[in-house]
Amino acid sequence: MTSLREAYRWHRRERGAPRERLILYSLRLLLRDNGFVVRRIRGRTQAMTPEHIPDLMVRYRGRFVASIEVTGTELGWEQMKLKAVFVLPSKVEYGAKAGERYIYAYFNDWEFPTGEWLLWLNGRELARQADEAEARGDIWTGETCHGVIERYYMIPRKKFNGGEAGRGLISLAHYIRWLAGLVPEPDPWALANFMA
């Protein structure tokens, strides 16, 4: 019989770590010319705190810019019976405290690399969407594939930033540049970002 701890370790190694690495190395490439440092937060550090510490940390010239929580699913959007992104309350609480410098990145394995594979929200917007989900009654409570009873906010996919192919990653890198004060608007397509 497999223990819950073993199942979690397997899932972390086989699903979580590759998602984290892809986002980590992609952001390193996209932000390489501006003095950014993108690092993983060690699993031991995450395990030693009662809060749900994010997976990645971004610094710009030694100054903290953002933390990124990487999570996801193996189901394609069309395969999902409930068409929403499921978010744990602990991640919403952490994001609400950290605000715009917390980024919740949702990786859809099935959609990679041409579909809508990376969606994201900052902590303030994640908390707002969770409040709206609660007001609508969009909360799922049940047994997960690991046999644990959990509660999730069901947030509509359209509320997230992202898009097909690499648009989610590009918009995430642009948002991080905005947090660092390098671009005038968080929206990568805003006119202000194209003016000298």
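Look up a bit, the structure's there.
Residues numbered from 1 in each chain as written. Predicted model: local features only at pLDDT ≥ 70, side-chain atom pairs only at ≥ 80, totals over all residues. Heavy atoms only, no water.

What follows is about helix H5 (residues 167-179). For H5, which comprises 13 residues, the first-to-last C-alpha distance of 18 Å matches the rise-based estimate of 18 Å (1.5 Å per residue) to within 8%. All of the buried residues along H5 are Gly 168, Leu 169, Ser 171, Leu 172, Ala 173, His 174, Tyr 175, Ile 176, Arg 177 and Leu 179. With its phi angle positive at about 85°, Gly 181 sits one or two positions after the end of H5. (Helix = DSSP H or I, 4+ residues; strand = E, 2+ residues; numbered from the N terminus. Expected span 1.5 Å × (residues − 1). Buried < 20%, exposed > 50% of the residue type's maximum accessible area, 1.4 Å probe, protein only.)

So, on to helix H3 (residues 89-98). Of all the residues in H3, the buried ones are Pro 89, Lys 91, Val 92, Tyr 94 and Gly 95. At its buried positions, H3 is contacted by strand S3 (63-73), strand S4 (85-87), strand S5 (102-108), helix H4 (123-136) and strand S8 (149-155). Backbone geometry just downstream of H3 places Gly 99 in the positive-phi region, at approximately 70°. (Contact = heavy atoms within 4.5 Å.)

In this section: a nonpolar patch on the surface. Where nonpolar side chains cluster on the molecular surface, the patch consists of Trp 189, Leu 191, Phe 194 and Met 195 and spans about 560 Å² of accessible area. In this structure, Met 195 sits in the segment after H5. Among the residues examined, Met 195 registers a relative accessible area of 56% and is labelled exposed. (Patch = residues over 30% accessible without salt bridge, like charges linked within 9 Å, V, L, I, M, F, W, Y side chains within 5 Å. Areas by Shrake-Rupley, 256 points an atom, 1.4 Å probe, with all protein chains shown as cover. Salt bridge = Lys/Arg side-chain N within 4 Å of Asp/Glu carboxyl O.)

Geometry only, nothing functional implied.
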